[in-house]
Amino acid sequence: MDISIMKEMFPVLLQGSLLTIELTIISVILGTLIGIVTALLKLSKNKLMAGVAGFYTWIFRGTPMLLQLIAFYYVLPFVGVLLSPFQTAIIGLSLNSGAYMAEIIRGGILSVDKGQFEACKSLGFTYFDTMKRVVLPQTFKIIIPSVGNEFITMLKDTSLVSTITMSEVMRKAQILSASTFRPMEAFFIAGCLYLFMTTIFTTVFSHYEKKLSVY
Amino acid sequence: MYMIETKNLTKKFGKLTVFEGLNVTVKKGEVLVIIGPSGSGKSTFLRCLNHLEVPNDGEVFIEGEKIDIKNKKHMRNTIEKVGMVFQNFNLFHHMTVMQNVIEAPITVKHETREEVLERSKIIIDKVGLKEKVDEYPSKLSGGQKQRVAIARSLAMRPDIMLFDEPTSSLDPELVGEVLGVMKDLAKEGMTMVVVTHEMGFAKDVADRVIFMDGGKIVEEGTPEELFMAPKERRTREFLNKVL
């Protein structure tokens, strides 16, 4: 490996990892919101809504994300929907993440003690307040390890958006390796950057896990 | 007007009829204690009073207002007047003692934090947990948890308190502190319905005792009548076992 080439490559790849982080954070946040709504719909007594939510998770967990991204990017223009690569990436990643988060959150809600719901009901809470004030905060503690896991999976899966022309770390590494004929250096740095990012997020999540273990 | 009135109250779980056609009334300031063997339907009956269990038939009136499950808002407003204390406490695990107590008045009644805080301090003091206001429930003993649960209900300023075997999951040495708080409440004139196995409490505090068995009210009367001179054979058998 040639250090001077690596020095030249590093800033380019670092820039790519900023995009990776941006994509990961935005899509996990949107995915969490989608996941909460989907989980509540799946648990609701309304059969139609539960069915729609079930269909959504069935589709997005049952097909490869690569296929979903390609579908959004190459197929939607045929029906008149034109999206930029960034928009496509965010929509694709968020919808995919949402489907997985929905199942994580649903499991979390189901494992909240039934007595919590009864206490809320006896105190006159609305369904919305019960969820917002009592059930979801407790769900959050239960699911935080799984959310951390989902976050890291998502961070690595953002590499798939390289197929729809987004220049995140992976695509930058491919371009650099092709233009310099130095694949070793390019992918070594990319790998280190991925490890660095996942380590940071793992640390952040275990910090939260500790913080929430006070109760 | 009765504080609580049930008319023809019936509850079934699938094919199993827990009880059928129960008519019970509770007057203002009255302490009604319900005793009976496990599976007699007493807890289910209590849980029907605030519709934690929705009865299959019959009606419940709280201070003359019928609990109507079709009108959710009206139902919540009616249930709000009825505090409930559970066997397993059901404190909000993610909140401190103080947060547990102030939560419902702020969220449900939209009172300001300041006025609820002031009132809650007095209530927490009353149940003897002044030093524990900032602890999480996981750091409390069972007796302390149950006293917080009582305080949480009282913060809503209920007119009626329901107790569902409040001491059944406590270590024996912790039962007294919870019963003490309940006795104080009774003295202050709170209308109470208590399902319990604590016969001592029933004798000392109850105005009226109901003995339930097999989903039926076998006998009811003052503690003197029921404990000293039970009329029914089944009541006598039960009392012989537990006393």
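Residues numbered from 1 in each chain as written. Chains lettered and ligands numbered in written order. Predicted model: local features only at pLDDT ≥ 70, side-chain atom pairs only at ≥ 80, totals over all residues. Heavy atoms only, no water.

Chemist: In this structure, what is going on with the overall build of chain A? I would like to understand it.
Modeler: For chain A, the helix and strand inventory stands at eight helices and zero strands. The N-to-C order of helical and strand elements in chain A reads α-α-α-α-α-α-α-α. Along the first, second and third principal axes, the C-alpha set of chain A runs to 70 × 50 × 20 Å. Here chain A holds 215 residues, and the buried ones make up 44% of them. Taking all contacts inside chain A whose residues are at least 6 apart in sequence as the whole, residues at least 24 apart take part in 77%. Taken as a whole, chain A presents about 11100 Å² of accessible surface, with 72% of it coming from carbon and sulfur. Chain A carries 17 positive and 12 negative side-chain charges, and their two centres are separated by 9 Å. (Helix = DSSP H or I, 4+ residues; strand = E, 2+ residues; numbered from the N terminus. Buried < 20%, exposed > 50% of the residue type's maximum accessible area, 1.4 Å probe, protein only. Contact = heavy atoms within 4.5 Å. Areas by Shrake-Rupley, 256 points an atom, 1.4 Å probe, with all protein chains shown as cover. Lys, Arg positive; Asp, Glu negative; His and termini not counted. Charge placed at Lys NZ, Arg CZ, Asp CG, Glu CD.)

Chemist: Explain the overall build of chain B here, please?
Modeler: Each helix and strand counted, chain B has nine helices and eleven strands in total. In terms of overall size, chain B behaves like a compact globule, its C-alpha atoms giving a radius of gyration of 18 Å where 243 residues would be expected to give roughly 18 Å. The principal-axis extent of the C-alpha atoms belonging to chain B is close to 55 × 45 × 35 Å. Out of the 243 residues in chain B, the part that is buried amounts to 56%. The contacts of chain B with a sequence gap of at least 6 include a subset with a gap of at least 24, amounting to 65%. Counting every atom, chain B has about 10900 Å² of accessible surface; 47% of that belongs to carbon and sulfur. (Rg over C-alpha atoms; globule rule 2.2 N^0.38 Å.)

Chemist: Would you mind showing me how to read the sheet that holds strand E8 (residues 160–164) of chain B here?
Modeler: Working definition: the strands of a sheet are paired by backbone hydrogen bonds and lie parallel or antiparallel to each other. Residue and element names in this part refer to chain B. In space, the six strands of this open sheet follow the order E7-E8-E9-E4-E10-E11, with mixed pairing throughout. Since the sheet does not close on itself, it has two edges, and those belong to strand E7 (82–85) and strand E11 (216–221), each with one partner. Adjacent strand axes in the sheet meet at a mean angle of 15°, parallel and antiparallel pairs treated alike. Note: strand E4 (residues 31–35) against strand E9 (residues 191–195), four bridges, orientation parallel. Bridge assignment links valine 31 to a residue of E9, and that residue is methionine 192. The strands that helix H1 (residues 42–49) touches are E4, E7, E8, E9 and strand E10 (208–213); relative to E8, the one it contacts most, it runs at about 150°. (Pairing = 2+ DSSP bridges. Axes fitted to C-alpha atoms, helices over the stretch in contact; angles between N-to-C directions.)

Chemist: Mind showing me how you'd approach the nonpolar core here?
Modeler: Among soluble globular proteins, nonpolar side chains are generally buried collectively. Grouped together as the largest cluster of nonpolar side chains are 48 residues, with contacts concentrated most on Ile35, Ile150, Met161, Phe163, Met182 and Met192 of chain B. Apart from residues no more than four positions distant in its own chain, isoleucine 35 of chain B is found in contact with Lys42, Thr196, Met199, Val209, Ile210, Phe211, Met212, Leu226, Phe227, Phe238 and Leu239 of chain B. (Core = buried A, V, L, I, M, F, W, Y, C linked by side-chain atoms within 4.5 Å.)

Chemist: Which parts of the structure should I look at to understand the packing of helix H7 (residues 169–180) of chain A against helix H8 (residues 183–212) of chain A?
Modeler: Pairs of packed helices are described in terms of their axes, by the angle between the two and the distance that separates them. Residue and element names in this part refer to chain A. For the pair H7 and H8, the least separation of the axes is 8 Å and the interaxial angle reads 165°. Between H7 and H8, the crossing angle belongs to the class labelled roughly antiparallel. The chirality of how H7 crosses H8 is right-handed. Two secondary-structure elements touch here, H7 through Val169, Met170, Ala173, Gln174, Leu176 and Ser177 and H8 through Pro183, Ala186, Phe187, Ala190, Leu193, Tyr194 and Met197. Its residues placed into classes, the contact of H7 with H8 shows eleven nonpolar, two polar and no charged. (Parallel < 35°, antiparallel > 145°, perpendicular 65-115°, else oblique. Left-handed = near helix turned anticlockwise from the far one by under 90°. Nonpolar A, V, L, I, M, F, W, Y, C, P; charged D, E, K, R; others polar.)

Chemist: What is the right way to read the environment of lysine 27 of chain B from this model?
Modeler: Residue and element names in this part refer to chain B. Within the element layout of this structure, lysine 27 appears in the loop between strand E3 (25–26) and E4. On a C-alpha basis, the gap between lysine 27 and methionine 3 in space is 5.4 Å, while along the polypeptide they are 24 residues apart. Sequence-distant contacts of lysine 27, defined by excluding residues within four places in its chain, comprise Tyr2, Met3 and Thr191.

Chemist: Would you mind showing me how to read the confidence of the model for chain B here?
Modeler: Scored by pLDDT, chain B comes out at a mean of 96, with 100% of its residues at no less than 70. Reported confidences for the modelled complex are a pTM of 0.88 and an ipTM of 0.93. (pLDDT = per-residue confidence, 0-100.)

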